[in-house]
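# Working through the structure, step by step
Spelled out, the chains give:
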Amino acid sequence: MDTEESDRYRAPALDKGLDILELLASVDGGLTQAEISKRLNRSPNEFYRMLDRLVRRGYVTRIDGDRYSLTLKLFGLAQLHAPVRRLASYATPLMRDLAQRSKQANQLAVFDRGSAVVIAQQEAPDYWGISIRVGSHISLFDTGSGHILLAFRTPEEREMMIAEHARSKDEISLGPEFYARLDQIRERGYEMMASAQTAGVYNLSAPILGPDGRGIAALTIPYIALVNAPSAPDITETISLLRSAATQLSVLAGSDVAQSSE
């Protein structure tokens, strides 16, 4: 397509919005409206309405009063696209094997616009187990999956994920002990916590890591002690099985990411 034909189909407003998103994606700490206009070599007035719409639609947020920064909305949209479907397809046989070995149900969750969303789940092999429906949105702050998704991200990404939650739900107060727990989870390599929703259940969660070491998903077993199955793995053995499955899936996910970027 030559230049004359390309110009015929130009959409200046769309170009302006994409220019802003691409610029903000390339910087840390955000930019003021004046800085944006200077870098894009345009008048500040040209960007006022566009920035307002991007903020209202949740793609951009204001920080420190007058600075604009990207939210994780684009990341969340991408998570629901083909890579997530591939991740779920890779995970299915591993999750099935994990359920058989552990005698427990398990689920896979990713971050999406302020919550952890379940993209795959495997029932326990016997008649008793705890499972969550695919598509369910669960909290970042009182679930094993949520803790893992926050723990294996950079501090800046954590804050953006929390800000995404605050925009769509009630604000919450997170003290230093919460962030210290995330650091402990990252150092330990997994989360083990009593369920805040169901008595007698322990959330065991491990990260699925990309090639850069950042968490892209959480694999979780809602563990219940099976008194009628004395040969079933105990909680320590189940954690080991969970971490092994998460490591295998991380290898597959890392390979897929590398191939899709070539």
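Scope of this entry: the structure provided in the associated data block.

Criteria and cut-off values
Residues numbered from 1 in each chain as written. Predicted model: local features only at pLDDT ≥ 70, side-chain atom pairs only at ≥ 80, totals over all residues. Heavy atoms only, no water. Helix = DSSP H or I, 4+ residues; strand = E, 2+ residues; numbered from the N terminus. Buried < 20%, exposed > 50% of the residue type's maximum accessible area, 1.4 Å probe, protein only. Contact = heavy atoms within 4.5 Å. Areas by Shrake-Rupley, 256 points an atom, 1.4 Å probe, with all protein chains shown as cover. Pairing = 2+ DSSP bridges. Axes fitted to C-alpha atoms, helices over the stretch in contact; angles between N-to-C directions. Expected span 1.5 Å × (residues − 1). Arc of directions from axis to C-beta. Parallel < 35°, antiparallel > 145°, perpendicular 65-115°, else oblique. Left-handed = near helix turned anticlockwise from the far one by under 90°. Nonpolar A, V, L, I, M, F, W, Y, C, P; charged D, E, K, R; others polar. Phe/Tyr/Trp six-rings, centres within 6.5 Å; stacked < 30°, edge-to-face > 60°. Lys NZ or Arg CZ within 6 Å of the ring centre and 35° of its normal. Core = buried A, V, L, I, M, F, W, Y, C linked by side-chain atoms within 4.5 Å.

Let's shift gears to the overall build of the protein chain. Looking only at helices and strands, the protein chain has 10 helices and 9 strands in total. Relative to its full complement of 262 residues, the protein chain shows a buried share of 45%. In the protein chain, of all internal contacts separated by at least 6 residues, the share reaching a separation of at least 24 is 57%. Within the structure as shown, the protein chain displays about 14300 Å² of accessible surface, and the carbon and sulfur contribution to it stands at 51%.

Sheet architecture is open: 6 strands sit in the order 6-5-4-9-8-7, paired in antiparallel fashion. Every other strand in the sheet has two partners, leaving strand 6 (137–138) and strand 7 (191–194) as the edge strands with one partner each. Relative to strand 9 (residues 215–223), strand 8 (residues 202–209) is paired through 8 bridges, and the arrangement is antiparallel. Paired with Ile208 across the two strands is Ala217, which belongs to strand 9. Across the sheet, helix 7 (residues 144–151) touches strand 4 (106–112), strand 5 (115–122), strand 6, strand 7, strand 8 and strand 9, and the angle it forms with strand 9 is around 155°.

The subject of this paragraph is helix 2 (residues 12–25). Look at helix 2: 20 Å from first C-alpha to last across 14 residues, which is about the 20 Å you get at 1.5 Å a residue. Of the residues making up helix 2, those classed as buried are Lys16, Gly17, Ile20, Leu21, Leu23 and Leu24. Projected onto a plane normal to the axis of helix 2, the buried residues spread over an arc of 165° and lie on a single side. With respect to the buried face of helix 2, the exposed residues turned more than 90 degrees away are Leu14, Glu22 and Ala25.

It is worth spelling out unusual backbone geometry at this point. Here Asn41, not a glycine, exhibits a phi torsion of approximately 60°, which is positive. Within the secondary structure, Asn41 is located in the loop between helix 3 (33–39) and helix 4 (48–56). Of note in the backbone geometry, Lys103 takes a positive phi value of approximately 65° without being a glycine. Checked against the element boundaries, Lys103 lands in the loop between helix 6 (82–102) and strand 4. Judged by relative accessible area, which is 31%, Lys103 ranks as partly exposed.

Let's shift gears to the packing of helix 2 against helix 4. In the contact formed by helix 2 and helix 4, the axes pass within 10 Å of each other and the chain directions differ by 65°. As summarised for this structure, helix 2 and helix 4 are arranged roughly perpendicular, according to the angle between their axes. The chirality of how helix 2 crosses helix 4 is right-handed. Residues Ala13, Lys16, Gly17, Ile20 and Leu21 of helix 2 lie in contact with helix 4, whose contacting residues are Met50, Leu51 and Leu54. Taken together, the residues of the contact of helix 2 with helix 4 break down into 6 nonpolar, 1 polar and 1 charged.

Inspection of the secondary structure assignment puts Val110 in strand 4. What makes Val110 buried here is its relative accessible area of 0%.

A ring pair, where both rings are aromatic, is described by two values, the distance of the centres and the angle of the planes. The final tally for this structure, using the stated rule, is 2 aromatic pairs. Ring centres of Phe178 and Tyr179 lie 5.8 Å apart, and the angle between their planes is 85°; on these two criteria the pair is classed as edge-to-face. Through successive ring pairs, a cluster of aromatic residues spans Phe141, Phe178 and Tyr179. Here the guanidinium or amino end of Arg188 rests over the ring plane of Tyr190, the centre of that ring lying 5.0 Å away.

Attention now moves to the nonpolar core. Ranked by size, the top nonpolar core spans 26 residues in total, and within it Leu87, Leu108, Ile119, Ile208, Leu219, Leu242 and Leu249 carry the most contacts. Where this core is concerned, the elements lending two or more residues are helix 6, strand 4, strand 5, strand 8, strand 9 and helix 10 (235–261). At 7 residues, helix 6 tops the list of elements feeding residues into this core. Leu140, Ile148, Leu149 and Ile162 belong to the second largest nonpolar core, which has 19 residues in total.

With 8 of 8 residues buried, helix 7 lies mostly within the body of the structure. Residues Gly144, Ser145, Gly146, His147, Ile148, Leu149, Leu150 and Ala151 constitute the buried set of helix 7.

Take the sheet that holds strand 2 (residues 60–63) next. Pairing between the strands of a sheet is mediated by backbone hydrogen bonds and can be parallel or antiparallel. The strand order 1-3-2 describes an open sheet built from 3 strands, whose pairing is antiparallel. Both edges of this open sheet fall to strand 1 (31–32) and strand 2, since each of them pairs with a single strand only. As paired elements, strand 1 and strand 3 (residues 67–70) share 2 bridges and run antiparallel to each other. Bridging across to strand 3, Leu31 finds its partner in Tyr68. Packing of helix 2 onto the sheet brings it into contact with strand 1, strand 2 and strand 3, and relative to strand 3 it is tilted by some 85°.

Keep in mind these numbers describe shape, not what the thing actually does.
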